[in-house]
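# Structural description and commentary
Take a look at the letters that make up each chain.
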Amino acid sequence: MQTLGMAGVRCMVMRGGTSKGAYFVREDLPADASERDELLLRIMGSPDARQIDGIGGAHPLTSKVAVVSQSTDDADIDYLFLQTGVDRAFVTDQQNCGNILAGVGPFALERGLVAAKGREATVRIRMVNTDSIAIERFPLHDGEPEYGGDTAIAGVPGTAAAINIDFEDTAGSSCGALLPTGHTVDHINGVAVTCIDNGMPVVIMLANDVGISGYESCAELEANTALRETIEAIRLKAGPLMNLGDVTKATVPKLTMVALPREGGSLCTRTFIPHRCHDAIGVLGAVSVATAALLPGSPAASVLTKGATGVTVVEHPTGTFDVSVDLDITGSTIVARRSGIVRTARKLFDGTVYPREY
Ligand code: NQM
């Protein structure tokens, strides 16, 4: 019997921000979600720690998938993000990815799903996972995406064209509310945390409160078994409190430890996503952390060092990430209006991917 997809599947591999993934037009994949996911695992080479027989990059940040289609809604295109496991055979749509999002506008243009002319394209993207809107602007050259440019982002060598992304309605996108527990601060296992969702569910705590400085390398943090047990126990309790249910097998919420900045930024972060340490920080993860830092009384606010520009400069293991968040706080009412970030992306490969057979 012929296994699904063995004749090859049209695929583009792109770096999106500090992540890398396989981008597909929705119609090039099976319509049935379980058939699609089974095929994607064979394409990525999962489950296998090295993903040696597939195109996954052996890390959650490089084992990602974008499924893109024309929108039937009030957007130009729909973007479904799928996280594929590396050493475990799972595919989940339970989270967004703002890094892979960066490549979605250029990919849609490359595939003719949107048209653009002039010097800049503006693409309105519905993030299907959370039904929220991102507006992406990127430069054009002869009607094609211009990938080259002089914008550097921490965690990526060299420079590329800036992709400006504005988020419109990300508050509570997965948890139903910006502060799903109803509080700025909760205490879980004796640790003060903020459980927040401004596009990504994140549990934020002071690094010192879980026995680290917050300036360690990812390798040091991943080798710290006691820390990992402490924060995983917090995460498992936070899940139901954040309306996410049992998160034992889920990739959310993420865990961010914060400390005073020491590179001239606004605050310093170390993030687990949730079982590997992020080499930088996720896009919507950074938006959620920057939002928490603006909430008086939160652990993140206690280490926030205000800059002059209104931009929150989030320090992370490989540099900094600028996030602008428009927040209205009137008494106990907090309204997150919009947020904005800059990324870059690049087309790495375009062609046909051949999945392994089983
Ligand atoms: O938070 C990794 C990444 C991400 C997610 C993760 C992201 C976001 O850096 O929007 O970009 O948290 O799993 O790709």
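Refer to the structure printed above.
To keep things clear, this report deals only with the structure shown in the data block. Predicted model, so just to flag it, every value in this text is computed and none were measured.

Let's shift gears to the overall build of the protein chain. Each helix and strand in the protein chain was counted, giving six helices and 18 strands. Taking 2.2 N^0.38 as the reference for a compact globule, 358 residues should give roughly 21 Å; the C-alpha atoms of the protein chain span a radius of gyration of 20 Å, in line with that estimate. Expressed as lengths along the three principal axes of its C-alpha atoms, the size of the protein chain is roughly 55 × 45 × 35 Å. In the protein chain, which comprises 358 residues, the proportion classed as buried is 56%. If you take every contact in the protein chain between residues at least 6 apart in sequence, the share linking residues at least 24 apart comes to 64%. The positive charge centre, built from 30 side chains, and the negative charge centre, built from 42, are 2 Å apart in the protein chain.

A complete count under the given rule lists 16 salt bridges for this structure. Between aspartate 74 and arginine 124 there is a salt bridge, with the nearest N and O atoms lying 3.4 Å from each other. Residue aspartate 74 is located in the loop between strand 3 (64–70) and strand 4 (77–84), and its partner arginine 124 is located in strand 6 (residues 120–127); the two are separated by 50 residues in the primary sequence. Of the residues examined, aspartate 74 reaches a relative accessible area of 47% and is grouped as partly exposed. Here arginine 124 falls in the partly exposed class, since its relative accessible area comes to 24%. Several salt bridges converge on common partners, so that one network encompasses Asp74, Arg124 and Glu168.

Take the side chain of threonine 194 next. Along the chain, the position of threonine 194 falls in strand 11 (residues 191–197). Exposure remark for threonine 194: the relative accessible area of 1% places this residue in the buried category. Here the side chain of threonine 194 touches threonine 184 through a polar contact of 2.8 Å, landing on its backbone oxygen.

For helix 5 (residues 283–293), a buried count of eleven out of eleven residues is recorded, marking the element as mostly surrounded by other parts of the structure. Looking at helix 5, one finds that the buried residues are Val283, Leu284, Gly285, Ala286, Val287, Ser288, Val289, Ala290, Thr291, Ala292 and Ala293.

Moving on, we get to the state of the cysteines. A full pass over the atoms with the stated rule returns one disulfide. Across the disulfide, cysteine 218 is cross-linked to cysteine 277 (sulfur-sulfur distance 2.4 Å). Between cysteine 218 and cysteine 277, the disulfide has an S-S torsion of -60 degrees and is therefore left-handed. Taken together, the residues cysteine 218 in helix 3 (residues 218–222) and cysteine 277 in the loop between strand 14 (267–272) and helix 5 connect sequence positions 59 residues apart. Using a relative accessible area of 12% as the deciding quantity, one classes cysteine 218 as buried. For cysteine 277, a relative accessible area of 2% gives the class buried. In this model cysteine 11 remains outside any disulfide bridge; the closest cysteine sulfur is found in cysteine 97, 16 Å from its own. For the unlinked cysteine cysteine 268, the closest cysteine sulfur is that of cysteine 277, found at 11 Å.

Per the stated rule, a full pass over the model turns up one aromatic pair. Arranged with centres 5.6 Å apart and planes meeting at 50 degrees, the rings of tyrosine 23 and phenylalanine 107 form a pair that is tilted. Of this pair, tyrosine 23 sits in strand 2 (residues 19–25) while phenylalanine 107 sits in helix 2 (residues 98–110), placing them 84 residues apart in sequence. The class of tyrosine 23 is buried, set by a relative accessible area of 0%. Residue classification places phenylalanine 107 among the buried residues on the basis of a relative accessible area of 0%. The ring of phenylalanine 321 carries arginine 343 above its face, with NZ or CZ at 4.0 Å from the centroid.

A few words now on the pairing of strand 15 (residues 312–316). Within strand 15, five of the five residues are buried, which leaves the element mostly enclosed by the surrounding structure. Burial of strand 15 is two-sided: the residues Thr312, Val314 and His316 facing one way and the residues Val313 and Glu315 facing the other way are all buried. Judged from the two bridges that link them, strand 14 and strand 15 form a sheet pairing that is parallel. In the sheet register, cysteine 268 faces strand 15, and the bridge partner there is glutamate 315. Pairing of strand 15 with strand 16 (residues 319–330), which is carried by five bridges, proceeds in the antiparallel orientation. If you follow glutamate 315 over to strand 16, its bridge partner there is threonine 320. The antiparallel hairpin formed by strand 15 and strand 16 contains two residues in its connecting segment.

Glancing now at the site of the ligand. With respect to spatial proximity, 15 residues lie near the ligand, and among them Ser19, Gly98, Asn99, His278 and Leu284 are the closest. Asparagine 99 places a polar side-chain atom, nitrogen or oxygen, 2.7 Å from an oxygen atom of the ligand. Lysine 254 places a side-chain nitrogen or oxygen 2.9 Å from an oxygen atom of the ligand. Computed on the free molecule, the ligand has an accessible area of 350 Å², of which 99% lies beneath the protein chains in the complex. When residues in the shell around the ligand are grouped by element, the largest group, three residues, is from helix 5. Residues of the shell around the ligand, tallied by class, amount to six nonpolar, seven polar and two charged.

On to the environment of proline 157. Relative to the elements of secondary structure, proline 157 occurs in the loop between strand 8 (144–145) and strand 9 (163–167). Separated by 154 residues in sequence, proline 157 and valine 311 have C-alpha atoms that sit 23 Å apart.

Cut-off values and rules
- Residues numbered from 1 in each chain as written.
- Predicted model: local features only at pLDDT ≥ 70, side-chain atom pairs only at ≥ 80, totals over all residues.
- Heavy atoms only, no water.
- Helix = DSSP H or I, 4+ residues; strand = E, 2+ residues; numbered from the N terminus.
- Rg over C-alpha atoms; globule rule 2.2 N^0.38 Å.
- Buried < 20%, exposed > 50% of the residue type's maximum accessible area, 1.4 Å probe, protein only.
- Contact = heavy atoms within 4.5 Å.
- Lys, Arg positive; Asp, Glu negative; His and termini not counted.
- Charge placed at Lys NZ, Arg CZ, Asp CG, Glu CD.
- Salt bridge = Lys/Arg side-chain N within 4 Å of Asp/Glu carboxyl O.
- Polar contact = N/O pair within 3.5 Å; in protein donor to acceptor, adjacent residues only side chain to side chain.
- Disulfide = S-S within 2.5 Å.
- Phe/Tyr/Trp six-rings, centres within 6.5 Å; stacked < 30°, edge-to-face > 60°.
- Lys NZ or Arg CZ within 6 Å of the ring centre and 35° of its normal.
- Pairing = 2+ DSSP bridges.
- Near = heavy atom within 4 Å.
- Areas by Shrake-Rupley, 256 points an atom, 1.4 Å probe, with all protein chains shown as cover.
- Nonpolar A, V, L, I, M, F, W, Y, C, P; charged D, E, K, R; others polar.

Geometric values such as these leave the question of function open.
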